[in-house]
Amino acid sequence: MRGHPLLLFRLFRQAAGWKLGLGLLTAGITALAGAALLGLSGWFITATGIAGLSAGTALVFDVFRPGAGVRALALLRTGARYGERLATHDATLSVIAGLRVRLFQALARPGLGRALVQRPGRLLFRISGDLDTLDTLYLRLLIPACVLAVLALVSMVALALLMGWAGLLPGLFLLLVGLVMLVLGGRGGLVAGGKRAAALEALRLRLLDLVAGRVEWRLAGRQEQAAYLALLAEGRLRRADDRLNRLESGLTLWQGLAATALLSGGVILCAELVERQLFGGPAVALFLLILLGLMEPLGPLRRGAVELGRSLRAARRVGDALSQPVPQQAVSPGTRDVILSAIRFRHDSASAPLFDGFSLSIPAGQHVAVIGDSGAGKSSLVALLTGEARPDTGSIAVPPWALLGQDAALFQDSVRANLLLADPDADDTRLWAVLEQAGLERVVREMPGGLDAALGEGGTGLSSGQRRRLALARFLLQDKPLWLLDEVTEGIDLSVAATILTKIKASAAGRTILLVTHLRREAALADRIIRLSHGRVVMDLTRGDPAFDVALSTLRPD
Ligand SMILES: Nc1ncnc2c1ncn2[C@@H]1O[C@H](COP(=O)(O)OP(=O)(O)OP(=O)(O)O)[C@@H](O)[C@H]1O
């Protein structure tokens, strides 16, 4: 089932089962009412015209019942069409909205997230393009295909009752036409649609490179080459579009030929029936116009068929991501201490394990500084604790944690929304309190809109020190027993660093802290210092030990 489009149909059904059914039902009623309306109107106009030829028939001709029928069918068709639009779009939008959340969660899985971040164009595509493509599956494929099948079957039964076995022919012909359309469109669209998706992804990436790196391209004198690469991708996109257009034109031709053949066959059949005096003029109009009505779903089906390949590809990719288990924070319920036992861990692209038989135990409430040269394994240790990296063997027990790192990771949204990420239920009083703790309250109060002030991408609108303080406020909002601090004051000026460290110290009592650092001012918060080297603990000192102060003094001063 992994990655199979059927998984998506199952998700569609779970998310909006009855709405999908209602959509199909109303779409079927709309099409049937449309075909009947066309036929009855044709019959009525013809029959009225013929009846009007002589005064005798004109007087006895009943215009009321067929007129009422036309009105009833018109009302039914309009109402059903309205219901269909409501039901199908509501169903699709709610399913896609639900899928978007699940896809975000799935993409947050460490391995997948990291793999995709190396190809941001693809990541963007998955989140936007693939999901939007999925509405085609239901709206443009399933609905027209089912409606065509229903119309064909109903027409087969009705026309067979009316004119014997010959009445089966239009329905069978329609089914054949629809099937050929799906096969041809699906096969052609799969290849051309795949090429189009790849070209569009390449074009987006090339354009991003061109714009974001324009200064570097220019300095290197290679702007022309970068533009040429974008043009190449654009050329591939155009050729793929041409192929898709040709495919759609071919299918339109096929639809036109099929419609002509069906109508011509209908005219020949009617001529035969008229000659045998089984059909009169009004019945001919009824029959031919019903045939026209039956072909109505072929247009949407044709457009859906061209999209079939693209939709199936998107369904497979989204299905692949969704079939992975949703990542959970690596938290062991009931644990208060941090315990790593006999860990063996190798980075994906590394040849040898970084940690081999690594064990570490931090009792609840202890404040530990992890120091060591660059590449010693400090960040990898934090990644193991947060679950971002998984050990090959060994066990890890971690209480609920909050992480504060060097990257402020702020989003293009309001100050409030950036804070609420940490605790969606926090009220304004609490938000102001953490802003005050982080030394940012006055700044935010002076911003237009206060908590609702909009930040730009990455927190633009705030200075880099203010961004770090906002990240600190968000961190403080999480009331977790374990704090993981990864070089939190690296690269910031003394006054901001002092604020951050003071606030951390003020709220540190009763919590376990593991801080990774090269800086004396940060390690001074700890009551235990561990030095790592090549993935091993080479020094483990507690405050009071004379070597503790010596270890502190080896660290970078402020
Ligand atoms: N994603 C990765 N793939 C392969 N090797 C990695 C990866 N991340 C880190 N490493 C390697 O693992 C080792 C430990 O890296 P880590 O980032 O944990 O060190 P660190 O002590 O945090 O260094 P720094 O102080 O420079 O941040 C290094 O040799 C590094 O090259």
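Residues numbered from 1 in each chain as written. Predicted model: local features only at pLDDT ≥ 70, side-chain atom pairs only at ≥ 80, totals over all residues.

Q: Please give an account of the overall build of the chain that cites residues and values.
A: For the chain, the helix and strand inventory stands at 18 helices and nine strands. Out of the 558 residues in the chain, the part that is buried amounts to 34%. Sequence-distant contacts in the chain: of pairs separated by 6 or more residues, those separated by 24 or more amount to 79%. (Helix = DSSP H or I, 4+ residues; strand = E, 2+ residues; numbered from the N terminus. Buried ≥ 20, exposed ≤ 12 C-beta atoms within 10 Å, placed from the backbone. Contact = placed C-beta atoms within 7 Å.)

Q: Tell me what's going on with the site of the ligand, and back it up with residues and numbers.
A: Taken together, 13 residues are adjacent to the ligand, and His-347, Ser-374, Lys-378, Ser-379 and Ser-380 come closest. With three residues, the top contributor of residues to the shell around the ligand is helix H11 (residues 378-386). When the residues that make up the shell around the ligand are grouped by side-chain class, the tally is three nonpolar, eight polar and two charged. (Near = placed C-beta within 6 Å. Nonpolar A, V, L, I, M, F, W, Y, C, P; charged D, E, K, R; others polar.)

Q: Mind laying out the sheet that holds strand S1 (residues 338-345), listing which residues take part and the relevant values?
A: Spatial ordering of the open sheet is given by S2-S1-S4, a layout of three strands whose pairing is antiparallel. A single partner strand is all that each edge strand has here, and the edge strands are strand S2 (355-362) and strand S4 (393-397). Mean inter-strand twist for the sheet, computed between neighbouring axes without regard to direction, equals 15°. By the bridge criterion, six bridges tie S1 to S2 in an arrangement that is antiparallel. The partner of Phe-345 across the bridge, within S2, is Phe-355. With respect to the sheet, H11 is in contact with S1 and S4, its orientation differing from that of S1 by roughly 110°. (Pairing = 2+ DSSP bridges. Axes fitted to C-alpha atoms, helices over the stretch in contact; angles between N-to-C directions.)

Q: Can you explain the environment of Ile-339? Please cite residues and give values.
A: Position of Ile-339 among the secondary structure elements: in strand S1. For Ile-339, a count of 15 C-beta atoms within 10 Å translates into the label partly exposed. Beyond its immediate sequence surroundings of up to four residues, Ile-339 is in contact with Ser-361 and Ala-397.

Q: Now, about the environment of Gly-280: what can you tell me, with residues and values included?
A: Relative to the elements of secondary structure, Gly-280 occurs in the loop between helix H8 (223-275) and helix H9 (281-294). A tally of 15 C-beta atoms within 10 Å means that Gly-280 is categorised as partly exposed. Taking the C-alpha atoms as reference points, Gly-280 and Ala-47, 233 residues apart in sequence, are found 9.2 Å from one another.

Q: Summarise the nonpolar core; cite the residues concerned and give the values.
A: By size, the foremost hydrophobic cluster in this structure holds 63 residues, and its most contacted members are Ala-35, Leu-151 and Ile-290. Looking at this core element by element, the count peaks at 14 residues for helix H1 (residues 5-51). Contact partners of Leu-151, with chain neighbours within four places excluded, come to Ala-31, Leu-32, Ala-35, Leu-294 and Pro-297. In terms of nonpolar packing, the next biggest core, distinct from the first, is built from 59 residues, Val-398, Leu-419, Val-444 and Leu-515 among them. (Core = buried A, V, L, I, M, F, W, Y, C linked by C-beta atoms within 7 Å.)

Q: Could you give an account of the confidence of the model for the chain, naming the residues involved and the relevant values?
A: Reading predicted coordinates in detail is not appropriate for stretches of low pLDDT. Taken as a whole, the chain shows an average pLDDT of 84; of its residues, 91% reach a score of 70 or greater. On the interface metric, ipTM, the complex scores 0.96, and its pTM is 0.61. (pLDDT = per-residue confidence, 0-100.)

Q: An account of the sheet that holds strand S7 (residues 512-516) is needed here, citing residue identities and associated values.
A: One open sheet holds the six strands; their spatial order is S5-S6-S7-S3-S8-S9, and the pairing between them is mixed. Strands with a single pairing partner mark the edges of an open sheet, and in this sheet they are strand S5 (401-404) and strand S9 (536-542). Strand after strand, the sheet turns through a mean of 15° between neighbouring axes, direction not considered. With four bridges joining them, strand S3 (residues 367-372) and S7 adopt parallel strand pairing. Bridge pairing links His-367 to Ile-513 in S7. Here helix H18 (residues 546-553) sits on the sheet in contact with strand S8 (528-533) and S9, set at roughly 120° to S9.

Q: I'd love a proper account of unusual backbone geometry, names of residues and values included.
A: Unlike most non-glycine residues, Ala-342 shows phi in positive territory, near 45°. Its 13 C-beta neighbours within 10 Å are what place Ala-342 among the partly exposed residues. Phi is positive for Glu-487, close to 45°, though the residue is something other than glycine. Mapping Glu-487 onto the fold places it in the loop between strand S6 (482-486) and helix H16 (494-506). On the basis of neighbour counts, which here come to 18 C-beta atoms within 10 Å, the residue Glu-487 falls in the partly exposed class.

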